[in-house]
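Spelled out, the chains give:
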Amino acid sequence: MRIGELASACAVSRDTLRFYEQRGLIAPKRSANGYRDYPSDMVQLVLYIKTAQRLGFSLGEISSSVGALWRSTKPDQAVAQLLQDKLNLIETRINELDHLRRELQQRLGQACPLNP
């Protein structure tokens, strides 16, 4: 499938696909005339990338995990583990931010809020 077909099937722009290619997330084959040629299963990969981004994964995180997911004999379990790991990171960050909020609120009541 050509780049326009893939872009249409995934509801992304051609520029998005080119960007994913530059980042090493997808890899088309090149035909003799230099056109990008994507296998049909590339739709699934691009949709995975879009979903992962919507769930808060960075392209770097996606890039580091996508190869292992594609080779996994139990991809559902591998994805569930990625989601659990991301959720744990978010929970940790929420706790850190909550602590920071409490400290800032406490300091607002001081004469000089920057004193330790």
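Residues numbered from 1 in each chain as written. Predicted model: local features only at pLDDT ≥ 70, side-chain atom pairs only at ≥ 80, totals over all residues. Heavy atoms only, no water.

For the chain, an unreviewed UniProt entry supplies the name MerR family transcriptional regulator and the organism Pseudomonas sessilinigenes.

**Section: the packing of helix α1 (residues 3-10) against helix α3 (residues 42-54)**
Between α1 and α3, whose axes approach to 10 Å, the crossing angle comes to 50 degrees. Viewed along their axes, α1 and α3 adopt a mutual orientation that is oblique. Considering only the axes of α1 and α3, their crossing is right-handed. Only Met42, Val43, Val46, Leu47 and Lys50 of α3 make contact with α1, whose side of the interface consists of Leu6, Ala9 and Cys10. Per-class residue counts for the contact of α1 with α3 are 7 nonpolar, no polar and 1 charged. (Axes fitted to C-alpha atoms, helices over the stretch in contact; angles between N-to-C directions. Helix = DSSP H or I, 4+ residues; strand = E, 2+ residues; numbered from the N terminus. Parallel < 35°, antiparallel > 145°, perpendicular 65-115°, else oblique. Left-handed = near helix turned anticlockwise from the far one by under 90°. Contact = heavy atoms within 4.5 Å. Nonpolar A, V, L, I, M, F, W, Y, C, P; charged D, E, K, R; others polar.)

**Focus on the pattern of salt bridges**
Going through the model one piece at a time under the given rule, you end up with 8 salt bridges. The shortest N-O distance in the salt bridge between glutamate 21 and arginine 30 comes to 3.7 Å. A relative accessible area of 21% places glutamate 21 in the partly exposed class. Taking relative accessible area as the criterion, arginine 30 reaches 47% and is therefore assigned partly exposed. Between arginine 93 and glutamate 96 there is a salt bridge, with its nearest N and O atoms 3.4 Å apart. Within this pair, arginine 93 and its partner glutamate 96 are both found in helix α5 (residues 75-108), separated by 3 residues, close to a single helical turn. Judged by its relative accessible area of 46%, arginine 93 falls in the partly exposed class. Judged by its relative accessible area of 42%, glutamate 96 falls in the partly exposed class. Because the salt bridges share partners, they merge into one network encompassing Glu21, Arg30 and Arg36. (Salt bridge = Lys/Arg side-chain N within 4 Å of Asp/Glu carboxyl O. Buried < 20%, exposed > 50% of the residue type's maximum accessible area, 1.4 Å probe, protein only.)

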